[in-house]
Amino acid sequence: MPQEKIADARRLPSSRLSSVLRQHPIFRDLGNEALDQLCRYARHMSLKRGATLFSKGDPGNSLFAVISGTVKISISSPDGRSAILNLIGAGEIFGEVALLDGLARTADATANTNCEIYVIDRREFLPFVRSQPALAMKFIELLCTRLRWTSDQVEQVILQNLPGRLASALIRLTEKHKLEPGGRTIAVTQQEISEMVGMTRESINKQLRVWAARNWVRLEHGAIVVLNAEPLRELAEAGSGNEGD
């Protein structure tokens, strides 16, 4: 993260951060004293939608925890095309890969909405991990989860057609953010979905309208509501476009 952005971060009471970390699988087993120590390292940031946290190639010198809002992890090509690799929501952490290996960032991180974020500097975080051996194993598990997530994305893009890819993305987002079955509202635009599955927005819109007519989804401004997840899940598992055309 650029130094000037770190300078803008402020140390604030970290009760909200403590609450978020206590619910995170990596940090939930930390003792109270260790968790308090970690929170004291953190700096608070408020970001407006569209603000850049870091760009591909920047030094990986910080870990981030999202308190509210959504952060977009993406890559772009010289000709202006872009792909969304992940949407990080409240209660999640990110930036751990470059933080741990000390190499450059592999993607861009942008505030997809107004966000509240806590930042922990690598110089303080790594000694803390060394003092908490069990934490290192937790990070290995997190990196394995990230690798599986990436493998699933690659498999979907290579092997699935549009209906299968789109259904997989919707199901993945509802499960990732633990949305309730009765109200599966995904705060994502059709353009963002298109950048996640590697298809045009027009193709995404056409397919979503087919599913809306079947009452599988409802389209709202800046959001998609999953009304019936089961046929989408079956379509994602089958990977066949015949049921979705």
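What comes next concerns the included structure. (Residues numbered from 1 in each chain as written. Predicted model: local features only at pLDDT ≥ 70, side-chain atom pairs only at ≥ 80, totals over all residues. Heavy atoms only, no water.)

Side note on the nonpolar core
- If you look at the biggest cluster of nonpolar residues, it comprises 25 residues, and the most contacted ones within it are Leu 166, Leu 170, Ile 193, Leu 208, Trp 211, Val 217 and Leu 232.
- At the level of secondary structure, the elements contributing two or more residues to this core comprise β5 (82–88), α7 (162–176), α8 (190–197), α9 (201–213), β11 (223–226) and α10 (229–238).
- Tallying contributions element by element places α7 first for this core, with seven residues.
- Ignoring sequence-local partners within four residues, the contact set of Leu 208 consists of Leu 166, Leu 170, Gln 190, Val 217, Leu 219 and Ile 224. (Core = buried A, V, L, I, M, F, W, Y, C linked by side-chain atoms within 4.5 Å. Buried < 20%, exposed > 50% of the residue type's maximum accessible area, 1.4 Å probe, protein only. Helix = DSSP H or I, 4+ residues; strand = E, 2+ residues; numbered from the N terminus. Contact = heavy atoms within 4.5 Å.)

Structural notes on the pairing of strand β8 (residues 115–121)
- Of all the seven residues making up β8, six are buried; the element is thus mostly covered by neighbouring parts of the structure.
- The sheet contact formed by strand β1 (residues 43–47) and β8 spans five bridges and is antiparallel. Bridge assignment links Leu 47 to a residue of β8, and that residue is Cys 115.
- As paired strands, strand β3 (residues 62–68) and β8 are joined by six bridges and run antiparallel to one another. Bridged to Val 66 within β8 is Ile 117. (Pairing = 2+ DSSP bridges.)

Details of the environment of Val 66
- With respect to the secondary-structure elements, Val 66 resides in strand β3.
- The sequence separation of Val 66 and Ile 88 amounts to 22 residues, and the corresponding C-alpha distance is 7.5 Å.
- If we ignore the near neighbours within four places in the chain, the residues touching Val 66 are Val 20, Val 71, Ile 88, Gly 89, Ala 90, Gly 91, Glu 92, Phe 94, Glu 116 and Ile 117.

Considerations on α7
- In this model, α7 (15 residues) spans 21 Å end to end at C-alpha, consistent with the 21 Å of a helix rising 1.5 Å per residue.
- Counting buried residues along α7, 14 of its 15 residues qualify, which places the element largely inside the surrounding structure. (Expected span 1.5 Å × (residues − 1).)

Regarding the packing of helix α2 (residues 15–23) against helix α3 (residues 32–41)
- Where α2 contacts α3, the axes come no closer than 10 Å and their chain directions differ by 125°. By the angle between their directions, the pair α2 and α3 is classed as oblique. Here the hand of the crossing between α2 and α3 comes out right-handed. Listed contacts from α3 to Leu 17, Ser 18, Leu 21 and Arg 22 of α2 are Asn 32, Leu 35, Leu 38 and Cys 39.
- Among the residues making up the contact of α2 with α3, the classes are represented as five nonpolar, two polar and one charged. (Axes fitted to C-alpha atoms, helices over the stretch in contact; angles between N-to-C directions. Parallel < 35°, antiparallel > 145°, perpendicular 65-115°, else oblique. Left-handed = near helix turned anticlockwise from the far one by under 90°. Nonpolar A, V, L, I, M, F, W, Y, C, P; charged D, E, K, R; others polar.)

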